[in-house]
Structures are given as structure tokens and as C-alpha cells.
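Each chain, letter by letter, is given below.
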Amino acid sequence: MKKIATKLDGVYIIEPDVHGDARGYFMEVWSTRNFEELGLHYDFVQDNQSFSSQKGILRGIHFQNNPMAQAKLVRVNRGAVLDVAVDLRKGSPTYKQWVAVKLSAENRRMLMIPRGFGHGFRTLTDDVEFCYKVDNLYSKECDRGIRFDDPTIGVEWGEVRTELLSQKDTTSPLLDDSDCNFVYSEEEK
Ligand SMILES: Cc1cn([C@H]2C[C@H](O)[C@@H](COP(=O)(O)OP(=O)(O)O[C@H]3O[C@H](C)C(=O)[C@H](O)[C@H]3O)O2)c(=O)[nH]c1=O
């Protein structure tokens, strides 16, 4: 398993080891051992899966506020997405900066997104199966969203089927108008 740094400290592209043979392939998606060897320390407590039927569907930008903030290990089991992480920590040297990575069943890449970051994706194909582990349980009370097209963040999503946005994603506030309570601290480095 390899980790590839991005311009956002703590956000890594993860490439699992794939063992191919005449039958197909086997890969360890995640193990405590693999992550410890990469110096990544997360105690995942919940596994999620979503299915998006069409190309152009956007889910995000989502996060859970403290005290229920979530780190996420995200991947695509079927199809492909443009996956985006945004630094939402006030005071961070990369505050409001974002990275976009293509994740697909074909490239088998994953993205490790620490707490303090917003997450979203836009499907690049129909029939996308999106799977991810989180290190804090779902909290309806702390669940938050900010506008995917927030001009102060400026994510370049490509073609979005805005008519397929969820009610939540249609009515999310801009980051500056939200109650996002993430604050950067030097210890996070
Ligand atoms: C996240 C979550 C949701 N739900 C329920 C709440 C709603 O009744 C329903 C759909 O939730 P939502 O519309 O927030 O699902 P997505 O739009 O796929 O959002 C997710 O996908 C984006 C890209 C993320 O990064 C977040 O992890 C997550 O917010 O599932 C649960 O029961 N448990 C959960 O952990």
C-alpha cells in the first residue's frame, strides 16, 4: 500500500497493493497494519456505501461539526468520480483550498481525508458505487453541508446535474455563513 501526499496536509491518495492472477485480483482495501506502516492512525467505526445512478450527480460538500467530526477513507467500487476534499479549518495555511482526485473501480485509488475537511464528489459515470469508512458515528445533529459552488472556495466540478442535487445540497449555506466550527491548531501538523 502506498500513500501519495497532496497539497493539503494530511490528505493522501492511497494506492492499495493489487494481486492479480488468471481469476482476477485480490486487494486488502484497509488494515490496521497497512495504515500503521504508512504512519496513518485512524480507528474507523462505520462503513458507508452510496449508489448514484447517473453521471453528473454531485453529493457534497459535507462534514460533521465537532464534536462529531469525521475522518473518511473513500473509494469507488463501481464507476468513477471526481472526489474533492476542502480544508475548512479556520486559521489553516490552506484554509478553503481544495484538491480533486479521480477515484474509480479501475484505478482503485482511495482518498484519506482527515477531520476538519469538507468532502464531496461528482460522478463521472452512471452507476457509481461509493464506499467509505469514517472514524466517528453519524450524527444528524452535527451533519452539515456547504454550497458545492461556494465562490470563495471555487471547486472546478465540471458538468453538474443540479436538478439531481439533494434537498440538503440545494439549500446548504456558503462556508462564511455556516456554523462550521473547525479551527486549525499547530499540533495537527
Ligand atoms: C451520512 C449518513 C446519512 N444517513 C442518512 C441520512 C439521510 O436520510 C440519508 C442520505 O444522507 P445524505 O443525503 O447526507 O447522503 P449523501 O448526500 O450521500 O452524503 C454523504 O456523502 C457525502 C459525499 C459525504 O462525504 C458524507 O459522508 C455524507 O454526507 O442517509 C445515515 O443514516 N447515516 C450516515 O452516516
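Scroll up to find the structure this text is about.
Here's a quick rundown of the structure. Keep in mind the model is a prediction, meaning the values are calculated, not measured.

### Focus: the side chain of serine 31
Tracing the chain through its elements places serine 31 in the loop between β4 (24-27) and α1 (32-37). A polar atom in the side chain of serine 31 sits 2.8 Å from the backbone nitrogen of asparagine 34.

### What about the pattern of salt bridges?
If you walk through the whole model with that rule in mind, you get 12 salt bridges. For aspartate 47, the salt bridge goes to lysine 133, with nearest N and O atoms at 3.2 Å. On the criterion of sequence distance, the pair formed by aspartate 47 in strand β5 (residues 46-52) and lysine 133 in strand β12 (residues 128-134) is long-range, its members being 86 residues apart. In this structure, the salt-bridge partner of aspartate 87 is arginine 89, at a minimum N-O distance of 2.8 Å. Comparing aspartate 87 with arginine 89 shows no difference in burial state: the two are buried. Taken together, the shared-partner salt bridges connect Lys2, Glu15 and Arg109 into one network.

### Thoughts on the nonpolar core
One finds Val86, Leu88, Ile146, Ile153, Val155 and Trp157 to be the most contacted residues of the largest nonpolar core, which totals 17 residues. If you list the elements that add at least two residues to this core, you get β6 (58-64) and β8 (80-87). It is β6 that provides the largest number of residues to this core, a total of 3 residues. Filtering out sequence-adjacent residues up to four positions away, leucine 88 remains in contact with Phe63, Tyr95, Gly116, Phe117, Gly118, Ile146, Leu175, Cys180 and Phe182. Within the second largest apolar cluster, 16 residues are counted, among which are Leu8, Val74, Ala85 and Val101.

### A few points about the site of the ligand
The full set of residues close to the ligand is Gln46, Arg59, His62, Lys72, His119, Phe121, Tyr132, Tyr138 and Lys168. Lysine 72 is positioned such that a nitrogen or oxygen atom in its side chain is 2.9 Å from an oxygen atom of the ligand. Lysine 168 places a polar side-chain atom, nitrogen or oxygen, 3.4 Å from an oxygen atom of the ligand. Contact with the protein chains covers 66% of the free accessible surface of the ligand, which is 650 Å². Of all the secondary-structure elements, those providing two or more residues to the shell around the ligand are β6 and β11 (117-123).

How each quantity is defined
- Residues numbered from 1 in each chain as written.
- Predicted model: local features only at pLDDT ≥ 70, side-chain atom pairs only at ≥ 80, totals over all residues.
- Heavy atoms only, no water.
- Helix = DSSP H or I, 4+ residues; strand = E, 2+ residues; numbered from the N terminus.
- Polar contact = N/O pair within 3.5 Å; in protein donor to acceptor, adjacent residues only side chain to side chain.
- Salt bridge = Lys/Arg side-chain N within 4 Å of Asp/Glu carboxyl O.
- Buried < 20%, exposed > 50% of the residue type's maximum accessible area, 1.4 Å probe, protein only.
- Core = buried A, V, L, I, M, F, W, Y, C linked by side-chain atoms within 4.5 Å.
- Contact = heavy atoms within 4.5 Å.
- Near = heavy atom within 4 Å.
- Areas by Shrake-Rupley, 256 points an atom, 1.4 Å probe, with all protein chains shown as cover.

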